[in-house]
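Next come the chains, spelled out residue by residue.
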Amino acid sequence: MASKRHQDECGKREKKKKQKRREETAELSSVVEDELAKSAVKEAWSRASRCSLGDLELDCHPFPHCVIKNFLGSDTFVENLQRELLGLNFHEKSNDLYKFKQSDDLRKRTEPHIAGLRAALFGPFRSWLGDVLGVKLEPTVDISCAKYEYTDVLLCHDDELEGRRVAFILYLVPPWQSSDGGTLDLYATDGNFQPQSISKSLVPSWNTLVLFEVSPVSFHQVSEVLSQDKCRLSLSGWFHGPSLERPPRHVEPPVPRSPHLPRDVSLVKCLVLYQHHSHICTFILKLKEVGEALRLSQIQWTRRGPPNKRCYEVASLDMPHDMPQCVSACWELLRSESFFLLLSNFTGLRLHYLCPADDDDDDDENKNEEKEKEEQQNTGDEDAPGSSTESPSANANRDKGFTPVCCGELRRWSHGGYTLLHDGEAARAEYALDLVLPFGCADWQTEFGGFTSYVANEEDEELLTVYPEDNSLALVYRDKETLKFVKHVNHKSPSDSAGSSTCRAFYDFSFVYYE
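- The name an unreviewed UniProt entry assigns to the protein chain is Prolyl 3-hydroxylase OGFOD1, from the organism Scophthalmus maximus.
- One UniProt comment on the protein chain, placed under Cofactor (unreviewed entry), says "L-ascorbate".
- UniProt annotates the protein chain under Catalytic activity (unreviewed entry) with the comment "[ribosomal protein uS12]-L-proline + 2-oxoglutarate + O2 = [ribosomal protein uS12]-(3S)-3-hydroxy-L-proline + succinate + CO2".

Here it is, written out as structure tokens:
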């Protein structure tokens, strides 16, 4: 028995030795081995100036980043590394920020070339990088592999997370052009450290390493992959160390809210009680007219950002003379007192002073209403202009200064449009009723994106998805723990016309109502 145990232990030791022997050594670029080159890069990085040394190029605009071509010295090693990586299991990753395939963590993979690269990156190269930055980097291994294929994307973000000091990406791609998409886009920022526009785009290339310091301004994205037959394979991760000091996060001013627009009581009755079917038909016909007007008219659209929070176009509704009459009418309807009352009756929410204040008062209110009706019948003025049929609860709501409010936008969604979850939205979350009324989205497919997802705060669980659909009004009541985003509209979305490269847009009125 003891002999058997001894044999097993010897077998395990031999297996470990065999695995260790199988690890292939990764030779790094000669520019990394050159002490004079390291000193020059260190000096340039400290001065935030450019530096070009053969295969290495350092640029500090819009933020410090370094590109090292031919990062690994052996082509055979790189080819074998690519083969091992493609043999891994990949998992679909998709949320508000990204869509791509990712491998399991590579910290403990034993494939010889993966293990060899890991040892080189977090051994000698980490030491080199620490010397360049003048920072002691931790031995923490943080690395994984990603595959970006057609329509995959990683939207604007800054990579900031406790402990991350330097981000890196090693590309293992076929010959690649900017027209294939998948570029690493670097954003310029404003005085509030918010991303504004793409300042520089780096096209992936074989055996090229890109690295940059994680900072309050290191906003970047992986643009959507447009090639249908190429795979953007890369290794990426972070070197950990002391984080750079971060200024207080910029807080956006809240979106202005307004009370309803006053409207005639007869319109309230028409909409709420549906006394005449012709009004319903007219409303539907008007929606078709609105859809055509949005598509054909020369409305002025403005892109709304910043891109780490949102990217879509909004119409300027401050100049009604530039807006088709039917579009303005629809806009005013959704803000009208009539519509507030309609929503209140549909949902039971207190969006109008006529709604009951408390369920406990229902019996008393019914009695009062019956008494008022009897009095009106006796005097014959039930429908007389200016007659009052308000309940005591309505008067109480008015007396308390009860003022429900709303905010809204007319939006245009085209290729590249999205909204993201962000800390500011979570901090301001409150009970609200969302309304979305889309136009121009006939034959719109789920795979195009552009749908609205509701998720629980700080959880991956998707609670509800609302897809754009013509002649369909969506109402969603959400609580303080529920957030929403619009999924990135990708290149699969249909074009304006046959043979056109321009993706078709759709439109929506988006409103939020607050009690």
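Back to the text.
## Let's talk about the overall build of the protein chain
In step 1: Along the backbone of the protein chain there are twelve helices and 24 strands.
In step 2: For the protein chain, with 515 residues in total, the buried portion stands at 46%.
In step 3: Taking the intrachain contacts of the protein chain between residues at least 6 apart in sequence as the baseline, contacts between residues at least 24 apart amount to 78%.
In step 4: In the form shown here, the protein chain has an accessible surface area of approximately 27,200 Å², with 48% of it arising from carbon and sulfur atoms.

## Re the environment of S94
In step 1: Relative to the elements of secondary structure, S94 occurs in strand β4 (residues 90-94).
In step 2: Sequence separation between S94 and D152 is 58 residues; the distance between their C-alpha atoms is 9.2 Å.
In step 3: A polar contact is formed between the side chain of S94 and the side chain of K487, at a distance of 3.2 Å.

## Here we look at the packing of aromatic side chains
In step 1: Counted according to the given criterion, the structure contains 21 aromatic pairs.
In step 2: Between Y312 and W413 the ring centres are 4.8 Å apart and the planes differ by 35°, which places this aromatic pair in the tilted class. Residue Y312 is located in strand β16 (residues 310-315), and its partner W413 is located in strand β17 (residues 405-413); the two are separated by 101 residues in the primary sequence.
In step 3: Its relative accessible area of 1% is what places W413 among the buried residues.
In step 4: In this structure, R232 is placed above the aromatic ring of Y148, and the distance from its NZ or CZ to the ring centre is 5.1 Å.
In step 5: One residue, R411, lies across the ring of Y312, its end atom 5.6 Å from the ring centre.

## Let's talk about a nonpolar patch on the surface
In step 1: On the surface, F346, L473 and L475 cluster together into a nonpolar patch covering about 260 Å² of accessible area.
In step 2: Position of F346 relative to the elements: it lies in helix α9 (residues 337-347).

## Examining the nonpolar core
In step 1: Grouped together as the largest cluster of nonpolar side chains are 45 residues, with contacts concentrated most on L72, L81, L85, F125 and L235.
In step 2: Residue contributions to this core peak at ten residues, all from helix α5 (residues 112-133).
In step 3: Among all residues touching L235, those that are not within four sequence positions of it are L81, L85, L106, L117, I143, S144, C145, F168, I169, L170 and L172.
In step 4: Grouped together as the second largest cluster of nonpolar side chains are 30 residues, V290, C330, L351 and L433 included.

## Considerations on the environment of L433
In step 1: In this fold, L433 is placed in strand β19 (residues 432-439).
In step 2: Residue classification places L433 among the buried residues on the basis of a relative accessible area of 2%.
In step 3: Along the backbone, L433 and V512 are 79 residues apart, and their C-alpha atoms lie at a distance of 5.6 Å.
In step 4: For L433, the residues in contact, after removing those within four places along its chain, are L343, T347, L349, L351, L475, V476, Y477, F511, V512 and Y513.

## Things to note about the side chain of H240
In step 1: Structurally, H240 can be placed in strand β13 (residues 232-240).
In step 2: Judged by its relative accessible area of 12%, H240 is buried.
In step 3: Polar side-chain contacts of H240 include one of 3.0 Å to the side chain of D142.
In step 4: At 3.3 Å, the side chain of H240 and the backbone oxygen of G163 are in polar contact.
In step 5: Residue contacts for H240: discarding those within four places in its chain leaves L137, E138, T140, D142, G163, R164 and R165.

## Re the packing of helix α4 (residues 75-86) against α5
In step 1: One way to put it is that α4 packs onto α5 with a least axis distance of 8 Å and a crossing angle of 115°. On the basis of their axis angle, the class for α4 and α5 is roughly perpendicular. In terms of crossing hand, the pair formed by α4 and α5 is left-handed. In contact with F77, N80, L81, E84 and L85 of α4, α5 contributes P112, H113, I114, G116 and L117.

## Examining the side chain of S493
In step 1: With respect to the secondary-structure elements, S493 resides in the loop between β23 (482-486) and β24 (506-514).
In step 2: A polar side-chain atom of S493 sits 2.8 Å from the main-chain carbonyl oxygen of N490.
In step 3: Beyond its immediate sequence surroundings of up to four residues, S493 is in contact with W444, F448 and C503.

Parameters and conventions
Residues numbered from 1 in each chain as written. Predicted model: local features only at pLDDT ≥ 70, side-chain atom pairs only at ≥ 80, totals over all residues. Heavy atoms only, no water. UniProt positions renumbered as here; feature names shortened; annotations may be inferred. Helix = DSSP H or I, 4+ residues; strand = E, 2+ residues; numbered from the N terminus. Buried < 20%, exposed > 50% of the residue type's maximum accessible area, 1.4 Å probe, protein only. Contact = heavy atoms within 4.5 Å. Areas by Shrake-Rupley, 256 points an atom, 1.4 Å probe, with all protein chains shown as cover. Polar contact = N/O pair within 3.5 Å; in protein donor to acceptor, adjacent residues only side chain to side chain. Phe/Tyr/Trp six-rings, centres within 6.5 Å; stacked < 30°, edge-to-face > 60°. Lys NZ or Arg CZ within 6 Å of the ring centre and 35° of its normal. Patch = residues over 30% accessible without salt bridge, like charges linked within 9 Å, V, L, I, M, F, W, Y side chains within 5 Å. Salt bridge = Lys/Arg side-chain N within 4 Å of Asp/Glu carboxyl O. Core = buried A, V, L, I, M, F, W, Y, C linked by side-chain atoms within 4.5 Å. Axes fitted to C-alpha atoms, helices over the stretch in contact; angles between N-to-C directions. Parallel < 35°, antiparallel > 145°, perpendicular 65-115°, else oblique. Left-handed = near helix turned anticlockwise from the far one by under 90°.

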